[in-house]
Each structure stands twice: as structure tokens, then as C-alpha cells.
Amino acid sequence: MCPSMAMAKQNDEALETQYQKGVKQLYEKGIERIPNKYILPVQERPSSTTQVEAATRENIKLPIIDFAELQSKNRPHVLKSLADACKQYGAFQLVNHGISKDVISGMVDAAERFFRLPYEERSKYMSSDMEALVRYGTSFNQNKDNVFCWRDFLKLMCKPLSDVLPHWPSSPTDFRKLAATYAKETSDLFLMIMEAILESLLLGTKKNKKAEEEEDDVVTMKDLRDGSQLMIVNFYPPCPEPDLTLGMPPHSDYGFLTLLLQDEVEGLQIQYKDKWVTVESIPNAFVVNVGDHLEIFSNGKYKSVLHRAKVNSAKTRISVASLHTVPFKCMVKPCPKLIDEANPRRYQDTDFATFLQYISSREPKNKQFLDSRKLIHL
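Residues numbered from 1 in each chain as written. Predicted model: local features only at pLDDT ≥ 70, side-chain atom pairs only at ≥ 80, totals over all residues. Heavy atoms only, no water.

> Give a description of the pairing of strand β11 (residues 286-290) that names residues and reports values.
Both faces of the sheet carry side chains from a regular strand, because those side chains alternate between them. In terms of burial, β11 is a largely internal element, five of the five residues being buried. Here β11 shows two buried faces, one formed by Phe286, Val288 and Val290 and the other by Val287 and Asn289. Bridging between strand β3 (residues 91-95) and β11 involves four bridges; their strand directions are antiparallel. Considered in β11, the bridge of Leu94 is made with Phe286. In this sheet, β11 lies alongside strand β8 (residues 257-262) in antiparallel orientation, the contact comprising five bridges. Each residue of the ladder has a partner; that of Leu257, found in β11, is Val290. (Buried < 20%, exposed > 50% of the residue type's maximum accessible area, 1.4 Å probe, protein only. Helix = DSSP H or I, 4+ residues; strand = E, 2+ residues; numbered from the N terminus. Pairing = 2+ DSSP bridges.)

> So what about the packing of helix α5 (residues 75-88) against helix α9 (residues 175-200)? Which residues, and what values?
The geometry of α5 relative to α9 is characterised by a closest axis approach of 9 Å and an angle of 85 degrees between their N-to-C directions. Comparing their axes, α9 and α5 come out roughly perpendicular. The segment α5 lies against α9, with Arg75, Leu79, Leu82, Ala83 and Cys86 engaging Glu195, Ala196, Ile197, Glu199 and Ser200. Looking at side-chain class alone, the contact of α5 with α9 contains six nonpolar, one polar and three charged residues. (Axes fitted to C-alpha atoms, helices over the stretch in contact; angles between N-to-C directions. Parallel < 35°, antiparallel > 145°, perpendicular 65-115°, else oblique. Contact = heavy atoms within 4.5 Å. Nonpolar A, V, L, I, M, F, W, Y, C, P; charged D, E, K, R; others polar.)

> Before we move on, can you summarise the nonpolar core with the specific residues and values?
The biggest cluster of nonpolar side chains holds 71 residues, and the ones touching the most others in it are Trp168, Ile193, Ile197, Met231, Phe256 and Phe297. It is α9 that contributes the most residues to this core, 13 residues altogether. What Ile197 contacts, discounting residues up to four positions off in sequence, is Leu82, Cys86, Leu257, Leu294 and Tyr302. Core analysis: the next-biggest nonpolar cluster, separate from the first, contains 25 residues, Val279, Phe352, Phe355 and Phe369 among them. (Core = buried A, V, L, I, M, F, W, Y, C linked by side-chain atoms within 4.5 Å.)

> So, the packing of aromatic side chains: which residues are in play, and what are the values?
Under the defined criterion, the tally for this structure stands at 16 aromatic pairs. Seen in terms of ring centroids, Phe114 and Phe115 are 5.3 Å apart; in terms of plane orientation they differ by 85 degrees. Their pairing is edge-to-face. We classify Phe114 as buried; its relative accessible area is 0%. Assessed through its relative accessible area of 0%, Phe115 is described here as buried. A ring pair is formed by Phe114 and Phe175, whose centres lie 5.9 Å apart and whose planes are at 45 degrees; its orientation type is tilted. Residue Phe114 is found in helix α6 (residues 101-115), and its partner Phe175 is found in helix α9; the two are separated by 61 residues along the sequence. The exposure class assigned to Phe175 is buried, which follows from its relative accessible area of 0%. (Phe/Tyr/Trp six-rings, centres within 6.5 Å; stacked < 30°, edge-to-face > 60°.)

Below, the structure is given as C-alpha cells:
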């Protein structure tokens with residue numbers, strides 16, 4: 001081995017000892033090459049030759065759902081658009097949702113300032129416990145990932161808010177206040193979206209909502225109100241070799257819905273018609289993703305979306321994902337009203353413990369957990 005190659009190998013080994021500290025540390029060192037730990041197999045890279053090159057650069061305009069129109073006489077038309085989006089894309093953009101620009105910008109600003117803190121302050125919240133109320137970390141599942149992702153994150157359990165808030169980061173000093181306001185308002189918004197989704201599935205309207213909640217064999221609005229909320233603040237610093245790695249690998253979300261707030265830097269991609277396409281960033285809009293629990297509950301009528309995050313070499317990207325579902329001990333099953341002779345039951349019952357056990361025992365990829373719950377493979 002020539003001296004230059006030997007030195008390069010030594011440098012790689014030195015850098016790889018730092019990966020548990022996160023990619024912000026690597027970026028701040030001014031590295032020009034990413035460590036081997038972050039380099040994906042050729043076929044999994046965003047620039048893979050197995051994909052049509054144009055597809056990785058193609059942008060997609062997701063269906064736009066105007067939340068204000070849901071509250072108007074146009075509700076039936078918007079419900080149809082909502083149903084079509086959940087069937088065809090598994091995602092949509094939500095505008096005019098009622099959460100103020102100040103609340104949104106406050107959350108993004110608080111996130112930026114948290115990640116600007118010294119590593120010693122951020123690392124106070126590092127934990128390998130997947131059930132921790134607060135968890136700072138890196139990659140996707142750093143306990144199991146064979147190849148690391150170019151992402152650092154802060155995960156916050158949000159319910160009950162009064163119980164978890166004292167455990168949230170106390171620095172920056174206004175972080176708790178700004179993040180709590182954002183968590184509360186996204187939780188309220190989730191419930192209103194779910195009312196519309198249940199109505200779009202022909203499972204309930206405002207007139208018979210009380211009757212729906214009295215049934216024992218379906219997920220009710222009470223289950224959703226009492227449910228879990230996990231907020232994930234994602235930090236993707238510039239990457240010197242963005243074509244070799246990803247910020248997040250292809251995956252679907254486990255819950256009912258995820259409300260994703262993007263900054264102005266694009267990076268979210270969804271798989272649509274077997275191609276990876278970039279979702280445009282609309283200021284102050286939410287990208288709403290259908291999760292695995294909603295696919296199971298709808299008996300496959302609505303599809304959870306396979307998505308990933310790309311990185312770039314020029315700009316830091318921040319996103320805030322708010323994942324919502326039923327209480328951890330609540331069982332999710334296909335709604336009996338959506339099962340008949342023509343549409344047999346397609347999924348097993350599942351709960352959060354089953355999901356946690358699954359991802360704790362292997363490196364999660366694509367929609368493997370959802371596939372493991374299927375009774376019928378189409």
C-alpha cells in the first residue's frame with residue numbers, strides 16, 4: 001500500500017471513532033470525504049445507476065389540501081381529494097391549517113439554536129433507550145445501522161405534556177416554551193385531520209361521531225386524543241459527498257399520521273410509481289404522511305408512504321416531524337366496517353410494543369415492519 005493510501009486509511013479509522021458523536025461533529029471538522037461508515041452500497045445510493053437518473057432529480061407536486069376549505073361548504077369535494085391523495089400518494093401538502101407563522105418559525109428557530117449548542121450540552125440527552133422521553137442521537141437507528149445516515153436528531157415524547165416537559169432540554173432557555181406550543185398545536189391539528197380522514201373512509205361524520213366512539217372494535221377519536229405523539233427534530237448538515245449517502249434511508253412511519261415541517265431546503269423524497277421524486281418545500285405548509293397504522297386500520301385502502309431524505313453539499317437542512325398514533329398499549333387492527341367478502345382482512349393486529357421489538361432486533365428497511373403484519377400480499 002502506498003503511503004498516501006495508508007494515510008487515507010488511518011484518517012478514515014480516526015474519523016469513524018467519532019461517528020457516535022454525530023455528523024455535525026464531522027462537518028465542523030471540515031472533512032472532504034465521508035467515512036466509510038456512511039457510504040451506502042452502490043445500489044442504495046441516491047445516484048445509483050440502477051435508477052433512472054432523471055427520476056432522482058424530478059420534483060413532485062403533492063396534492064394540496066386546503067384545511068380552511070374542509071370547514072366550508074366545499075367539505076365533500078375536499079374529502080374526496082383527501083381520499084384520493086391517501087390512496088394514490090400516501091401523502092399530501094396541508095395549507096391554511098391555522099397554525100401561525102410565529103409558532104412555526106419559533107419551532108424552527110429553537111431547533112437551529114439547539115443544534116448550535118456545544119456538543120457537551122447536546123450530549124446530555126444521548127441515550128440508547130428507544131423508549132426514553134428525550135433522546136439525542138445520530139443516524140436512523142444507531143444501535144443497529146450497519147451504514148450510518150447523515151443525520152443528527154432530537155426526539156421528544158410529547159404526552160402527557162405536563163409530565164414530559166421537565167425532561168426536555170432546558171437550553172436554549174425558551175426551547176421548552178416554543179416546542180411545547182408547537183407540539184400542542186400540531187396535536188390539535190392532527191385530531192382535526194383524522195376526523196376528516198375517518199369521514200373520507202365513510203366511517204363517521206360530525207353527526208354520528210358520538211355513536212362511533214361508543215364502539216369497542218374500532219379506533220375512536222378518544223383513542224387518538226389519548227394517543228402518543230413523538231416529535232423528531234432532524235438536523236442534516238452539509239455533506240461533502242452527498243451522492244454516497246442519505247440523511248434518512250427509505251422507510252415508512254409507524255403511526256397514523258406524520259406532520260412534517262420542512263425548512264426552505266428541499267431533501268424529502270417519496271417513492272411514487274417506483275421512482276424517487278423530491279417533494280417541493282412550500283413555506284409554512286405541512287407534508288402529511290400516511291403511516292403504517294392508518295394503512296392497517298383502513299385495511300389497505302390508504303397506503304403508508306415510503307420516503308427518504310437526501311442531503312446536499314451546500315446548506316444545512318432542518319425538519320420537524322410530529323408522529324401521531326393511538327396509546328402505546330392500544331391494539332391497531334383493520335376496521336371491521338372495511339372488511340367484507342370482496343375486501344378480506346389483510347393485516348394482523350399490532351401495537352407499539354410489537355413495532356419496538358421488531359426495530360430493536362434488526363436494521364429496519366423500507367416497509368418491512370408493515371410487510372411483517374400482512375396476511376395477504378398483493
